[in-house]
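# Descriptive analysis of the structure
Next come the chains, spelled out residue by residue.
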Amino acid sequence: MTSETSNARAKIEIEGLSIFYGDAQALHNVTMNIPENRVTALIGPSGCGKSTLLRSINRMNEIIEGVRHEGTIRIDSDNIHRADMHVDNLRKRVGMVFQKPNPFPKTIFDNVAYGPRVHGVRSRGELADVVEKSLKRAALWEEVKDRLNSSALALSGGQQQRLCIARALAVGPDILLMDEPTSALDPRSTSWIEDLIDSLRSDYTIVIVTHNMQQASRVSDLTGFLYEGKLVEFGDTTQLFVSPKMKQTEDYITGRFG
């Protein structure tokens, strides 16, 4: 790691994490510290456990019947699996953006205001303020400010994904999880999302799953390479891509498998 990254405070501490779907083990004893206000990329072939690891951070895996975990995940030193942890409060702190844009069949305004309303914000003025700030953070405000009452489904794919990012930001998270956020987008929209990630990195801890190694090298400070549910290597992105410590990492990056 670079000294700047290695000195960053650990926002997310993952220790000995194993995930099981019934009898099938998806993750094997993963340990890693994800630093605050950095972008961490997770790479590896399909089925290696990247999305399972990502969804563990906000306990999204638990919506799948038969899933269980071993090990510990802490956010700001707080165990996310402690008995009195309210999952809704956890997911307020840990926003998520999915592979395919998934706006609600509502207006642009109501999409962004949805989370704050769920968490008790009722004032129209306060909601309008949150919507504007969130759309600005997502670099979408100028494009939609005159049609906030139009359907979100009329937006382009790239705009819909930025809207979903604005929706995630509206509840005030400090962590943003992104599961292949550009895989369904064209190159121009992908570039917009990558620029947006860069603009958010100073205020949010971002973890992104990507199949695109060039994207990982462009947007992330740290990269973790997973293979068959195991964390093979984790460290500074430049170091991992230029001089990986593990031959398995080198073989994947150079296209020898995966």
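Structure: see above.
Structure report, in brief. Worth saying up front: this structure is predicted, and the values here are computed from it rather than measured. (Residues numbered from 1 in each chain as written. Predicted model: local features only at pLDDT ≥ 70, side-chain atom pairs only at ≥ 80, totals over all residues. Heavy atoms only, no water.)

## Observations regarding the packing of helix 4 (residues 108-118) against helix 5 (residues 124-137)
Where helix 4 contacts helix 5, the axes come no closer than 9 Å and their chain directions differ by 110°. Taken together, helix 4 and helix 5 sit at an angle that is classed as roughly perpendicular. Judged by the twist between their axes, the crossing of helix 4 over helix 5 is right-handed. Contacts between helix 4 and helix 5 involve Ile-108, Phe-109, Val-112, Ala-113, Pro-116 and Arg-117 from the former and Arg-124, Leu-127, Ala-128, Val-130, Val-131, Ser-134 and Leu-135 from the latter. (Axes fitted to C-alpha atoms, helices over the stretch in contact; angles between N-to-C directions. Helix = DSSP H or I, 4+ residues; strand = E, 2+ residues; numbered from the N terminus. Parallel < 35°, antiparallel > 145°, perpendicular 65-115°, else oblique. Left-handed = near helix turned anticlockwise from the far one by under 90°. Contact = heavy atoms within 4.5 Å.)

## A look at the nonpolar core
Ranked by internal contacts, the top residues of the largest apolar core, which has 44 residues, are Leu-135, Ile-165 and Leu-176. In terms of residue count, helix 7 (residues 157-169) provides more of this core than any other element does, five residues in total. Setting aside residues no more than four positions away along its own chain, Ile-165 makes contact with Val-97, Ala-138, Leu-176, Met-178, Ile-193, Leu-196 and Leu-200. Among the nonpolar cores identified, the runner-up in size contains 26 residues, and Ile-14, Leu-17, Leu-42 and Ile-80 belong to it. (Core = buried A, V, L, I, M, F, W, Y, C linked by side-chain atoms within 4.5 Å. Buried < 20%, exposed > 50% of the residue type's maximum accessible area, 1.4 Å probe, protein only.)

## Observations regarding the pairing of strand 3 (residues 39-43)
Most of strand 3 is tucked away: five of the five residues are buried. Across four bridges, strand 3 lies against strand 8 (residues 205-209) in parallel orientation. Opposite Leu-42, over in strand 8, you have Val-209 as the bridge partner. Two elements, strand 3 and strand 9 (residues 222-227), share four bridges in a ladder whose sense is parallel. Looking across to strand 9, one finds that Ile-43 is bridged to Phe-225. (Pairing = 2+ DSSP bridges.)

## Describing helix 4
In an α-helix, one turn spans 3.6 residues; hence positions three or four apart end up facing the same way. Every buried residue of helix 4 is listed here: Ile-108, Phe-109, Asn-111, Val-112, Ala-113, Gly-115 and Pro-116. For helix 4, the secondary structure elements touched by its buried residues are helix 5, helix 6 (141-144) and helix 7. At the C-terminal side of helix 4, Gly-120 shows a positive phi close to 105°.

## Considering the pattern of salt bridges
One pass over the structure, following the stated rule, counts 24 salt bridges. Note that Glu-13 and Arg-74 form a salt bridge whose closest N and O atoms lie 3.7 Å from each other. Placement of Glu-13 in strand 1 (residues 10-21) and of Arg-74 in strand 4 (residues 67-75) is noted, with a sequence separation of 61 residues between them. Across the salt bridge formed by Glu-194 and Arg-218, the nearest N and O atoms sit 2.7 Å from each other. On the criterion of sequence distance, the pair formed by Glu-194 in helix 8 (residues 187-200) and Arg-218 in helix 9 (residues 213-219) is long-range, its members being 24 residues apart. Members of the salt-bridge network, linked through shared partners, are Arg-9, Lys-11, Glu-36, Asp-76, Arg-93 and Asp-174. (Salt bridge = Lys/Arg side-chain N within 4 Å of Asp/Glu carboxyl O.)

## Topic: unusual backbone geometry
Backbone geometry at Asn-29 places phi at a positive 50°, although glycine is not the residue there. Mapped onto the elements of the fold, Asn-29 is located in strand 2 (residues 24-35). By relative accessible area, which is 57% here, Asn-29 ends up exposed. In this structure, Arg-59 takes a positive phi of about 60° despite not being glycine. Considering the arrangement of structural elements, one finds Arg-59 in the loop between helix 2 (50-56) and strand 4.

## What to know about the pairing of strand 1
In terms of burial, strand 1 is a largely internal element, nine of the twelve residues being buried. As defined by bridge partners, strand 1 adjoins strand 2 across eight bridges and the pair is classed as antiparallel. The partner of Ile-14 across the bridge, within strand 2, is Met-32. In textbook terms, the turn of a hairpin is the stretch between consecutive antiparallel strands, and for strand 1 and strand 2 this stretch comprises two residues, one of which, Gly-22, has a positive phi near 65°. Here strand 1 runs beside strand 4; their pairing, made up of eight bridges, is antiparallel. Counterpart to Ile-19 in the pairing with strand 4 is His-69.

## Thoughts on the sheet that holds strand 4
If you walk across this open sheet you meet the four strands as 2-1-4-5, and the pairing is antiparallel. With partners counted over all chains shown, the strands left at the sheet margins are strand 2 and strand 5 (78-79), one partner each. Here strand 4 pairs with strand 5 via two bridges, running antiparallel. Across the sheet, the residue bridging to Arg-74 is Asn-79, located in strand 5.

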